[in-house]
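The primary structure of each chain is shown beneath.
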Amino acid sequence: MCGIGGIVALRDEACGPTRTQLLRMTSALRHRGPDQSGVATLGRAGLAHTRLSIIDHAGGRQPYTNDDSSMWLVYNGEVFNYLELRDELRSLGRRFRSESDTEVVLRAYEHWGEAAFERFNGQFALAIWDRRREKLVLARDRLGVRPLYVCEHAGRLTFASEIKAIFASDPSIPRALDPIAIDQTFTFWTVLAPRTAFAGIEELRPGHVRSITPQGTRDRAYWAMRYPSDGSSAYAGSLEDAVEEVRAELARATRLRMLRADVPVGAYVSGGLDSSLIAALARRATNARFATFSVRFDDPEYDETRYQRLVAAELGTDHHEIVVGRADIARVFPDVVEHAERPVLRTAPAPLLLLSRLVRDAGIKVVLTGEGADETFAGYDLFREAKVRRFWARRPSSRLRPRLLQRIYPYLSRSPVERAAMAEEFFGRGLDRARLPGFAHETRWRTTTSLKRLFSRSMRAAVGSHDSVGELLGELPPELSTWSPLAQDQWMEVRTLLSAYLLSAQGDRMLMASSVEGRFPFLDARLVELANRLPPSFKLRVLDEKHVLKRASAGLVPPEVIARTKQPYRAPDAESFLGPEAPEWALEVLRERAVVAAGVFDPGAVAQLHAKCTRQVASGKVLSNTDNMALVGVLSTQLLHQTFIEQRREPPAFDLRDDARSTNVTTNGESP
Amino acid sequence: MTTIDAVRSFIVTNFYVPETIVLTDDVSLLELGIVDSTGVLEVTAFLESEYGIEVADHEIVPANMDSIRAIAAFVEVKAARAA
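Residues numbered from 1 in each chain as written. Chains lettered and ligands numbered in written order. Predicted model: local features only at pLDDT ≥ 70, side-chain atom pairs only at ≥ 80, totals over all residues. Heavy atoms only, no water.

## Things to note about the overall build of chain A
Inference 1: For chain A, the count of helices and strands is 28 helices and 18 strands.
Inference 2: Its C-alpha atoms give chain A a radius of gyration of 25 Å, near enough to 26 Å, the size a compact globule of 672 residues would have.
Inference 3: Structurally, chain A occupies a C-alpha span of about 80 × 60 × 50 Å along its principal axes.
Inference 4: Residues classed as buried in chain A amount to 63% of the 672 residues present.
Inference 5: Looking at chain A alone, contacts between residues at least 24 apart form 73% of all its contacts between residues at least 6 apart.
Inference 6: Element-wise, carbon and sulfur atoms account for 50% of the exposed surface of chain A, whose accessible area totals about 24600 Å².
Inference 7: Here chain A contributes 92 positively and 85 negatively charged side chains, and the mean placements of these two sets differ by 2 Å. (Helix = DSSP H or I, 4+ residues; strand = E, 2+ residues; numbered from the N terminus. Rg over C-alpha atoms; globule rule 2.2 N^0.38 Å. Buried < 20%, exposed > 50% of the residue type's maximum accessible area, 1.4 Å probe, protein only. Contact = heavy atoms within 4.5 Å. Areas by Shrake-Rupley, 256 points an atom, 1.4 Å probe, with all protein chains shown as cover. Lys, Arg positive; Asp, Glu negative; His and termini not counted. Charge placed at Lys NZ, Arg CZ, Asp CG, Glu CD.)

## Here's the deal with helix α10 (residues 349-361) of chain A
Residues and elements named next belong to chain A.
Inference 1: The end-to-end C-alpha distance of α10 is 19 Å, a good match for the 18 Å that 13 residues give at a rise of 1.5 Å each.
Inference 2: All of the buried residues along α10 are Pro349, Ala350, Pro351, Leu352, Leu353, Leu354, Leu355, Ser356 and Val359.
Inference 3: One or two positions beyond α10, positive phi appears at glycine 363, with a value near 80°. (Expected span 1.5 Å × (residues − 1).)

## A word on the side chain of A:Arg210
All names here are of chain A.
Inference 1: Within the element layout of this structure, arginine 210 appears in strand β11 (residues 208-213).
Inference 2: Within the structure, arginine 210 has its side chain in polar contact with the side chain of aspartate 219 (distance 2.6 Å).
Inference 3: Sequence-distant contacts of arginine 210, that is, excluding residues within four places in its chain, are made with Leu136, Val137, Leu138, Val150, Glu202, Leu204, Thr217, Arg218 and Asp219. (Polar contact = N/O pair within 3.5 Å; in protein donor to acceptor, adjacent residues only side chain to side chain.)

## As for the interface of chain A and chain B
Inference 1: Opposite the 23 residues of chain A that make contact, chain B presents 24 residues.
Inference 2: Summed over both partners, the interface of chain A with chain B buries about 2200 Å², with 56% contributed by carbon and sulfur atoms.
Inference 3: Across the chain A-chain B interface, the total number found is one salt bridge.
Inference 4: With a shortest N-O distance of 2.7 Å, A:Lys612 and B:Glu42 are connected by a salt bridge.
Inference 5: Linking chain A to chain B there are eight residue pairs in polar contact (both at pLDDT 80 or more).
Inference 6: Those elements giving two or more residues to the side of chain A that touches chain B turn out to be α15 (417-427), α17 (457-463), α27 (603-618) and α28 (625-645) of chain A. (Buried area = accessible area lost by both parts, 1.4 Å probe. Salt bridge = Lys/Arg side-chain N within 4 Å of Asp/Glu carboxyl O.)

## As for the nonpolar core
Residue and element names in this part refer to chain A.
Inference 1: In this structure, Phe117, Phe120 and Leu126 are the most contacted members of the largest nonpolar core, which totals 188 residues.
Inference 2: It is helix α19 (residues 485-502) that provides the largest number of residues to this core, a total of ten residues.
Inference 3: Once residues within four sequence positions are removed from consideration, phenylalanine 120 is found in contact with Val79, Asn81, Leu85, Val105, Ala108, Leu126 and Arg142. (Core = buried A, V, L, I, M, F, W, Y, C linked by side-chain atoms within 4.5 Å.)

## Topic: the sheet that holds strand β7 (residues 135-140) of chain A
Across a sheet, strands are paired by hydrogen bonds formed along the backbone, either parallel or antiparallel in direction.
All names here are of chain A.
Inference 1: Across the sheet, which stays open at both edges, the six strands sit in the order β4-β5-β6-β7-β11-β12 with antiparallel pairing between neighbours. The open sheet is flanked by β4 (64-65) and β12 (216-221), the only strands paired with a single partner.
Inference 2: Here strand β5 (residues 71-79) runs beside strand β6 (residues 122-130); their pairing, made up of nine bridges, is antiparallel. Across the sheet, tyrosine 75 pairs through a bridge with leucine 126, a residue of β6. (Pairing = 2+ DSSP bridges.)

Quick look at the structure:
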């Protein structure tokens, strides 16, 4: 796992990249690759790389070039089927000089061109500079596990794994929050690619390749999430067949991610089904010691210790735990925002930042997690809620049908009948739109959208008539309406939250902050394609979520873990930032002057929100979901402004000297 | 302060509505999402402590809670009945 960056002069009169600019990028990306770094200046292009050595420590130095130095590669990630691809390329007459996956990636591109990327089963972001054609190719894995950002400024294109490296390369690049991105966050919970939180900085979309030549720029989706058209029999087998096949494919995907590494691989154990299943399959793939890692919470509402220890004991792992409390979350939250580079409405990434530190301190560089199972096998409550609401919509006058909501949200059945009627009013909105895309997510988006009342007048003016939901619904794949309702909901969940939040703000960025690589067996290319082919009823059987996966877990995961009610991963939220122990930074970013300076929120409204939350916590009351999201959203946006726009946080020390770990390549007559 | 002004003041403060947004007396607070299912309980607690009334569960319905005018009217009827 690594960090990549680069600069290309797009016009003849634009300045070519300098070594100093590239070294500034590697400095900003050092956490992603502390083992080695290298830069190459190649005339109008320059490439930068920081390396975390996982496969072929000696042979994978980057920037990497082919035999005649006509093509140069910087690459972040893993292509798990690189051995198979190498065999195939050898049989086609290609010769190899190293054991590294990096070489396979470049030779695959030499041989197949851009068609190589669809053959990759992995998680990667890469850039290839073709000197003869003066062509830059940027590509990203199917589901967007690894990040890649792009900025065009003053006739130059700059790209990097993280936005901070783009800013670091050139102080003249303008820094401003993008109002539409903030609007998206207060709709979908995050910013959707190709947008980022910053105006003028773009994210290359998952599954896309971008080629930049003197003739122009072209974006192409080489892969997209697709589901069978309704009624088609994409999967011929029975449920029992599917259980067997899912188990076999997941075991293969896990084994591949365990064994394709020259360093030990560990696993996260949350206490839920998905990570337990991955840990169990991983345990079977190795005879070596196997380390597992868990977050515990001192607040029992969020804690899952019992199940974590049960799984670790059953598998006989070398188990590590970290206990996280409110003060810890308050302390690291500014670092979370600095790494996530986007506003967040939840503190959930914070414990994962602390967990990755624990992994690093245990000397482990790679962990497997259960991320992706809820999207591919339909684990979220949202899918069940939508199913009930669609069932209800077929007979809107029914008094009984909405009662099924109590199966999903048991708190509804504990409240008086009349109060349940209020909830029914809430879930019953828009039943006439039950057949339209976005129906499942409407309740979430509506609740979040109401928080836009916190926006300042100027922010509202900047957003203008832009309609974030309308924009999203306007760019749906044309065939989406032919898919089952569940498949449509899954697609929407993947589009809005998987790469855009879970794999970035909670995944890659929190892991790489501590130089740890995450691997996600549930996002294996073959497994995803199998899962998407399965009939909806295998995934969501009546209201039983991840049905096929639970069946596939039998005998591997303790029955208590399979049978337990799904607990969404949550951390103590806004309470962490309130009361007598409130962190100094929170008080600072909430001051009227700071709120006015960022310009996003109305200072009076923020003061009222802060006062209300402080009052609630002081009187021992629990903050409502809405107040929680509002305060965390305000704090993270304010921190983002303070860190990246005002640059008031101390940047990491730039080390521009060459060191022993650094490779420096200069060609084309450029002096070092 | 009239009941309607007091209710508006509570809604604006408790649900952090900026001064730049004008809430009319009849706008649907539920539709706008300013008051959600938890928010309704906050409104109820306010009415009980401020006006010394008791709100029964069957009275916590959209008809009584959806707008500033509806909430104020509900309080006045309740208070008059109690008097």
